[in-house]
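Read off the chains here:
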Amino acid sequence: MADKKQYHQGHDIKSLVINLATILLFLLPFALYFGEAEKAKVYVGVVVAGFLVCLVVPPIGWMRPHPYTDLPGNEPLLFRKNN
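Values in this document were obtained by computation on a predicted structure and should not be read as measured data.

What's the story with the packing of aromatic side chains in this structure? I'm lost.
For any pair of aromatic rings, geometry is given as the distance between the ring centres together with the angle between the planes. Applying the stated criterion across every chain yields a total of 2 aromatic pairs. Note on Y33 and F34: the rings are 4.8 Å apart at their centroids and 85° apart in plane angle, and the pair reads as edge-to-face. The exposure classification of Y33 matches that of F34, with both residues exposed.

Printed below as a string of structure tokens:
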């Protein structure tokens, strides 16, 4: 019998960081409109920093990890693995 591969549910580190950065990008217009005008560069800087963190979280690069990828090193890194 073949070994079953663990089903990937999108809870790897990179996917969670990408989701957080996307939430920050969604909230940016509200922060710019309702926030203080002097802090506009700070708000934009936080969003840019969020996406820069996305680039350096393993696997390093711009692509979201995919469990069925043909590219080496683009597999998702999970917090825990079932034995």
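Looking at this structure, I do not really get helix α1 (residues 13-34). What am I missing?
For an α-helix, 3.6 residues make a turn, and residues three or four places apart therefore share a direction. Here α1 is 22 residues long and its end C-alpha atoms lie 31 Å apart, about the 32 Å a rise of 1.5 Å per residue gives. Considering bend angle alone, the principal kink of α1 is centred on L27 and spans about 40°; proline P29 follows within four residues of it. At its buried positions, α1 is contacted by α2 (40-56).

Looking at this structure, I do not really get the environment of G61. What am I missing?
Among the secondary structure elements, G61 is positioned in the segment after α2. The spacing of G61 and N74 is 13 residues in sequence and 9.1 Å in space, taken between C-alpha atoms. In contact with G61, not counting residues within four places along its chain, are K14, C54 and L55.

Help me understand the side chain of K14 in this model?
Positionally, K14 belongs in helix α1. A polar contact is formed between the side chain of K14 and the backbone oxygen of C54, at a distance of 2.7 Å. In contact with K14, not counting residues within four places along its chain, are C54, L55, V57, P58, P59, I60, G61, M63 and P65.

Would you take a moment to explain α2 for this structure?
Its 17 residues place the ends of α2 25 Å apart at the C-alpha level, agreeing with the 24 Å of an ideal helix rising 1.5 Å per residue. Considered for burial, the residues of α2 that qualify are V47, G50 and C54. Take α2 and look down its axis: the buried residues cluster within an arc of 55°, on one side only. What points out from α2, more than 90 degrees from its buried face, is the exposed set K41, V42, L52 and V56. Where α2 is buried, its residues meet α1.

In this structure, what is going on with the environment of V47? I would like to understand it.
As for its placement among the helices and strands, V47 is situated in helix α2. For the pair V47 and T22, spaced 25 residues apart in sequence, the C-alpha to C-alpha distance is 8.5 Å. Among residues more than four places away in sequence, those in contact with V47 are L24, L25 and L28.

Thresholds applied
- Residues numbered from 1 in each chain as written.
- Predicted model: local features only at pLDDT ≥ 70, side-chain atom pairs only at ≥ 80, totals over all residues.
- Heavy atoms only, no water.
- Phe/Tyr/Trp six-rings, centres within 6.5 Å; stacked < 30°, edge-to-face > 60°.
- Buried < 20%, exposed > 50% of the residue type's maximum accessible area, 1.4 Å probe, protein only.
- Helix = DSSP H or I, 4+ residues; strand = E, 2+ residues; numbered from the N terminus.
- Expected span 1.5 Å × (residues − 1).
- Bend = angle between axes of the 7 residues up to and from the residue.
- Contact = heavy atoms within 4.5 Å.
- Polar contact = N/O pair within 3.5 Å; in protein donor to acceptor, adjacent residues only side chain to side chain.
- Arc of directions from axis to C-beta.

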